[in-house]
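Chain by chain, the residues run as shown.
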Amino acid sequence: MKKTFDDIEKEHNYYMKEALKQARKAHVLGEVPIGCVIVYDGEIIGRGYNRRNTDKSVLCHAEISAIKKAGKVIKDWRLEDCTLYVTLEPCQMCAGAIVQARIPKVVIGALSRKSGCGGTILNILENPDFNHQCEVVRGVMEDECSAILKKFFLELRIRNKLKKEELRSEKQE
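No experiment lies behind these values; they were computed from the predicted model shown. Each chain has its residues counted from 1, running along the sequence as written. Reporting of local features is limited, given that this is a predicted model, to residues whose pLDDT is at least 70; pairs of side-chain atoms are given and counted only at 80 or more, and all residues count toward the totals for whole chains, interfaces and linings. Side-chain figures throughout are based on the complete set of non-hydrogen atoms in the structure, without hydrogens or water.

**Examining the sheet that holds strand E2 (residues 43–49)**
Reasoning step 1: The criterion for strand pairing is that DSSP finds at least two bridges linking the strands in question. The way it works is that DSSP assigns letters per residue, a run of H or I at least four long becomes a helix, a run of E at least two long becomes a strand, and they are numbered from the N terminus. Here we have five strands laid out as an open sheet, ordered E2-E1-E3-E4-E5, and mixed in their pairing. The sheet terminates laterally at E2 and strand E5 (135–137), the two strands that pair on one side only. Ignoring which end each strand starts from, the neighbouring axes of this sheet average 20° apart.
Reasoning step 2: In this sheet, E5 lies alongside strand E4 (residues 105–110) in parallel orientation, the contact comprising three bridges. By the bridge assignment, Val106 is partnered in E5 with Val136. Structural elements are reduced to axes, namely lines fitted to C-alpha atoms, with helices fitted over the stretch in contact, and the angle between N-to-C directions of any two is expressed from 0 to 180 degrees.

Here is the structure:
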């Protein structure tokens, strides 16, 4: 039976909510709250969230972590029948990894005006010059995905301001 538009929207929202759960894990760690899940045959086989500061590695993006886990589950680096859901548009590293993993479909929550390589700055995911292209769906639960990022950066600015004020008062003593 063919899925209706409503069925597809419900499915996308369900899995994006799961990606948002991952993003909240990053937020708790003080990391930029980005989350990702990879779905195969209706089941989540890879989950990841941003851990760059926690693990002291530029490679610890949500998508990279989820891709590694998914590959272990299906015992292959090719994730040809999977869909990747991510709360923020992938950067150039993650978009490249998605293409290399042969993931056919990517569902994006919020766009990234500073590093987005799923169509905002570059479009690595749909570039016809590569040997693989992804179908990209943008803007799924965009408000929710943007809100968690806005909240994080507002909190970060407040924390940084308080630290500066503390340092100033220590110097004056």
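**Observations regarding the side chain of Glu89**
Reasoning step 1: Take Glu89: it is sitting in the loop between strand E3 (82–88) and helix H4 (92–100).
Reasoning step 2: Any residue under 20% of the maximum accessible area for its type is buried, any over 50% is exposed, and the rest in between are partly exposed; the area is computed with a 1.4 Å probe on protein chains only. Under the convention used here, Asp and Glu are negative, Lys and Arg are positive, and both His and the chain ends fall outside the count. Should a side-chain nitrogen of Lys or Arg be within 4 Å of a carboxyl oxygen of Asp or Glu, the pair is scored as a salt bridge. At 5.6 Å, Arg138 is the nearest oppositely charged side chain to Glu89, a buried residue that forms no salt bridge.
Reasoning step 3: N or O atoms within 3.5 Å of each other form a polar contact, as long as, within protein, one can give a hydrogen and the other can take it, and as long as residues adjacent in sequence are counted only when both atoms are side-chain atoms. Reaching out from Glu89, the side chain makes a polar contact with the backbone nitrogen of Gly119 at a distance of 3.1 Å.

**Considering a positive patch on the surface**
Reasoning step 1: A patch consists of residues exposed above 30% relative accessible area that lack any salt bridge, with like charges linked at up to 9 Å and nonpolar side chains (Val, Leu, Ile, Met, Phe, Trp, Tyr) linked at up to 5 Å. In short, Shrake-Rupley with a 1.4 Å probe defines the accessible areas, and a residue's cover is counted only from the protein chains shown. For the purpose of locating charges, the reference atoms are NZ of Lys, CZ of Arg, CG of Asp and CD of Glu. Taken together, the side chains of Lys25, Lys68, Lys69 and Lys72 make up a positively charged region of the molecular surface.
Reasoning step 2: Residue contributions to the positive patch peak at three residues, all from helix H3 (residues 62–74).
Reasoning step 3: Examined against the element boundaries, Lys72 turns out to sit in helix H3.

**Let's talk about the side chain of Thr87**
Reasoning step 1: Relative to the assigned elements, Thr87 resides in strand E3.
Reasoning step 2: Overall, the relative accessible area of 0% leaves Thr87 in the buried class.
Reasoning step 3: Polar contacts involving the side chain of Thr87 include one to the main-chain amide nitrogen of Gly35, which spans 3.0 Å.
Reasoning step 4: Every residue in contact with Thr87, bar those within four places of it in the chain, is listed here: Met16, Ala19, Leu20, Ala23, Pro33, Ile34, Gly35, Gly109, Ala110 and Cys145. Contacts are residue-level and defined by heavy atoms, with any inter-residue pair within 4.5 Å sufficient.

**Description of the packing of H3 against H4**
Reasoning step 1: Across the interface, H3 lies against H4 with an axial gap of 9 Å and an inter-helix angle of 25°. Here H4 runs roughly parallel to H3, going by the angle between their axes. Where H3 crosses over H4, the handedness of that crossing is left-handed. Of the residues in H4, those touching H3 at Glu63, Ile64 and Ile67 are Met93, Cys94, Ala97 and Ile98.
Reasoning step 2: Note on residue classes: Ala, Val, Leu, Ile, Met, Phe, Trp, Tyr, Cys and Pro are nonpolar, Asp, Glu, Lys and Arg are charged, and everything else, Gly too, is polar. Counted by class, the contact of H3 with H4 contains six nonpolar, no polar and one charged residues. An angle below 35 degrees is treated as roughly parallel, one above 145 as roughly antiparallel, one from 65 to 115 as roughly perpendicular, and anything else as oblique. Less than a right angle of anticlockwise turn of the near helix away from the far helix marks a crossing as left-handed, whereas a clockwise turn marks it as right-handed.

**Observations regarding the state of the cysteines**
Reasoning step 1: Disulfide assignment relies on a single distance test, namely cysteine sulfur atoms paired within 2.5 Å. Within the structure shown, the criterion is met by zero disulfides.
Reasoning step 2: Not part of a disulfide, Cys94 finds its nearest cysteine sulfur in Cys91, a span of 3.8 Å.
Reasoning step 3: According to the relative accessible area criterion, Cys94 is buried, its value standing at 0%.

**Brief notes about a negative patch on the surface**
Reasoning step 1: A surface patch of like charges, here negative, comprises Asp41, Glu43, Glu80 and Asp81.
Reasoning step 2: Mapped onto the elements of the fold, Asp81 is located in the loop between H3 and E3.

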